[in-house]
Amino acid sequence: MKGEFTKLHSKSRIHLRLTKDFFEQEDVVQISKQLLGKVLVTKLNGDIVKARIAETEAYSWRERGCHAYGGRKTNRNAVMFQPGGVAYVYLCYGIHHLFNIVTNQEEVAEAVLIRAVEPIDGIDLMRSRRGILKNNFQLTSGPGKLTKAMGIDRTWNGKSLMDDEVWIEDDGYFVGKNTIMAGPRIGIEYAGEDANLPWRFWLRDNKWVSV
């Protein structure tokens, strides 16, 4: 896999922090698959929470499901034209913040939506942010749920994943080809034929995958 890594301290194993080379790869679909099993980390007011990425969706300026389709039109999609490795956070239906990672080179607008994650560290803090839940698997089993649990909102739009507020780690978790499932993306019926692209990916049998 292309990309450099920065070593992070861990009591149990070495964690490798993904750098810009990883996010600037040219194939957003491949990156969406490679992010499965990686660890999303946020640090807010000194509190760190970690969760394993269980579900992703790929978006490219070439297809109608993408906010950058048709070019740079609004301040909303401007961050997508930055070089890979920054956060693209927008408000969906005026309620849910959705967290995306911009990929590829500058002016090549592509991004990966993080749809679901599996909690690893800071679970009590995640639960306090989400409130009382009857089912633990509901904690981060959707793009709006995970952002609230991990403290992500619109103010994180444009943040670099090279800084110390949000980043992605590789902790050595193995994801085999047979573990990765694929299907159409969710909630983009307006995209016509492009809505049928099999650009949603998830970990087989993971209980945190969105429903």
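Residues numbered from 1 in each chain as written. Predicted model: local features only at pLDDT ≥ 70, side-chain atom pairs only at ≥ 80, totals over all residues. Heavy atoms only, no water.

Turning to unusual backbone geometry, a few remarks are in order. For Asn104, which is not a glycine, the phi torsion comes out positive at approximately 70°. Note on placement: Asn104 falls in the loop between strand 6 (96–103) and strand 7 (110–121). We note that Asp205 has phi near 65°; this positive angle belongs to a residue other than glycine. The exposure class assigned to Asp205 is exposed, which follows from its relative accessible area of 70%. (Helix = DSSP H or I, 4+ residues; strand = E, 2+ residues; numbered from the N terminus. Buried < 20%, exposed > 50% of the residue type's maximum accessible area, 1.4 Å probe, protein only.)

Moving on, we get to the nonpolar core. Counting residues in hydrophobic clusters, the biggest one holds 38 residues, and the most contacted among them are Leu35, Leu40, Phe99, Ile114 and Ile168. With five residues, strand 4 (residues 47–60) is the largest single contributor of residues to this core. Grouped together as the second largest cluster of nonpolar side chains are 18 residues, Val79, Ala111, Leu113 and Ala195 included. (Core = buried A, V, L, I, M, F, W, Y, C linked by side-chain atoms within 4.5 Å.)

With that settled, consider the packing of aromatic side chains. A full pass over the atoms with the stated rule returns three aromatic pairs. On the numbers, 5.2 Å between centres and 85° between planes, the contact of Phe22 with Phe23 is edge-to-face. For Phe22, a relative accessible area of 1% gives the class buried. For the ring pair Tyr88 and Tyr90, a centre distance of 5.3 Å and an interplane angle of 40° mean the geometry is tilted. Note on Tyr90: relative accessible area 11%, which makes it buried. The aromatic ring of Trp156 is capped on one face by Lys159, whose charged end is 5.4 Å from the ring centroid. Just above the ring of Tyr59 sits the side chain of Arg185; from NZ or CZ to the centre is 4.6 Å. (Phe/Tyr/Trp six-rings, centres within 6.5 Å; stacked < 30°, edge-to-face > 60°. Lys NZ or Arg CZ within 6 Å of the ring centre and 35° of its normal.)

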